[in-house]
Amino acid sequence: MIDAIARRIRRHRDRRTFREYGHEVKRFGLEHDGAVDYAQWQHPFEKPKTITQGDIDGWRRFLGDGDLAIDVGAHTGDTKVPMALACGPAGLVVAVEPNPYVFRVLEANAALNAGRCHILPLNVAATEEDGEFEFHYWDASFGNGGYLSRLHNQRHGHRFPLRVTGRNLERELRARVASRLDRVALIKTDAEGYDAAVLRSMRGLIDRARPVLVCEVHRKLDHGERVELYTEVARSDYRLYRYTAGAAMPRERIARDDMIRWPHFDIVALPEERAGGKV
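Residues numbered from 1 in each chain as written. Predicted model: local features only at pLDDT ≥ 70, side-chain atom pairs only at ≥ 80, totals over all residues. Heavy atoms only, no water.

Can you explain the sheet that holds strand β12 (residues 238–242)? Please cite residues and give values.
Read from one edge to the other, the open sheet built from 7 strands follows the order β5-β4-β3-β10-β11-β13-β12, with strand pairing classed as mixed. Taken across any chain shown, the strands that pair with only one partner, and hence form the sheet edges, are β5 (119–122) and β12. Direction aside, neighbouring strands of the sheet carry axes that sit 15 degrees apart on average. Across 5 bridges, the pairing between strand β11 (residues 212–217) and strand β13 (residues 265–271) is antiparallel. Bridging from a neighbouring strand, V214 pairs with V268 of β13. This element, helix α3 (residues 80–87), spans β3 (68–72), β4 (92–96), β5 and β10 (184–189) of the sheet and lies at about 160 degrees to β4. (Pairing = 2+ DSSP bridges. Helix = DSSP H or I, 4+ residues; strand = E, 2+ residues; numbered from the N terminus. Axes fitted to C-alpha atoms, helices over the stretch in contact; angles between N-to-C directions. Contact = heavy atoms within 4.5 Å.)

Structure (C-alpha cells):
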C-alpha cells in the first residue's frame, strides 16, 4: 500500500514538473537484419520500445531499397528505424517531429545504424501554412501531445502548451529532397487527430506519386472528423484497410461507415492500381 501511494505521488509530481530526459542506446539482435540499435527515451511515461524482425518485414510489404518514406509525427523513431531499414542503404525516411525535447532522441536514432539506413529528421510540424503554433501535451515534460486545439472534442486532458514551428511539408520537401520525390512510396501520419489536414497539405505530392498512406484514427475524433479523414484518404481511388503491424497482408477492408466501429485504430490505404499487388 505504501509503495502504491509513493508511486502515485511520484507520477503526479513527474507529470507536473518539467525536466529534460536523455536516452539509452539499446541493441536488438534480429533473425535476418542482425544487430539494430535504438535510442530509448528515458522520459518516465515513455514505454520501453522494441525493434523486431516483424516490424521491418512489415514495412517491406510497401517499401524497397531506394524508396523514400515520409513519417509525420515521428516521435523518438521506434517506427522510423524499421522503416528506414526497409528502405535500405539507398533509401531515405523523412522523419517529422515538432517537439524539440523528443526531437533530440529522434536525432540520436537517425545517427545510429550508419551505412544501413538513412533518416532525415525535421524539427517542424506539418501544417497547412508556415508559422508558429501552440501544441498541447499530457505532461509538463512534453512526452505526448499534438495540435489538439483543432479537435472538436476538447476533453483530451492535454493541458501543457508548447510553441512549435510549422511548415507546409510539401514545400519543405521540395526545398530539401526534390530529387528524391519521384521515389515517394509511403506517407505515414500520426498527428493526434490532425491527420486529415496533414494529408490535405500534401495533396499535390500524393496525387502525383500515389504512395501508400498509413494514418491514425484518433480516439477523440467525432463522427464528422472521422468522415472527413475517410474522405481525404479515400479520394483519388484509394482502398482502405485496417492496418496491423507485422508481415501479414492487410485484409480487413474499411468503408465509410466503419470509421465509427472502433474508438482508435490505424488505416493503410493503397492506390487502386497497387491494391492487388505489392502487399
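An account of the pattern of salt bridges is needed here, citing residue identities and associated values.
A full pass over the atoms with the stated rule returns 23 salt bridges. Put simply, R203 and E232 hold a salt bridge, and the shortest N to O gap is 2.9 Å. On the criterion of sequence distance, the pair formed by R203 in helix α7 (residues 203–209) and E232 in helix α8 (residues 223–234) is long-range, its members being 29 residues apart. Each member of the pair R203 and E232 is classed as buried. Three or more residues are tied together by salt bridges with common partners; here these are E128, R200, R203, D207, E228, E232 and R235. (Salt bridge = Lys/Arg side-chain N within 4 Å of Asp/Glu carboxyl O. Buried < 20%, exposed > 50% of the residue type's maximum accessible area, 1.4 Å probe, protein only.)

Hey, could you go over the side chain of N113 for me, with residue numbers and the actual values?
Mapped onto the elements, N113 comes out in the loop between α4 (100–111) and β5. Residues within four places of N113 in sequence aside, it is in contact with A35, V36, D37 and V81.

Mind laying out the environment of L221, listing which residues take part and the relevant values?
By the element assignment, L221 lies in the loop between β11 and α8. Accessibility expressed as a relative area gives 7% for L221, which makes it buried. The spacing of L221 and H264 is 43 residues in sequence and 9.0 Å in space, taken between C-alpha atoms.

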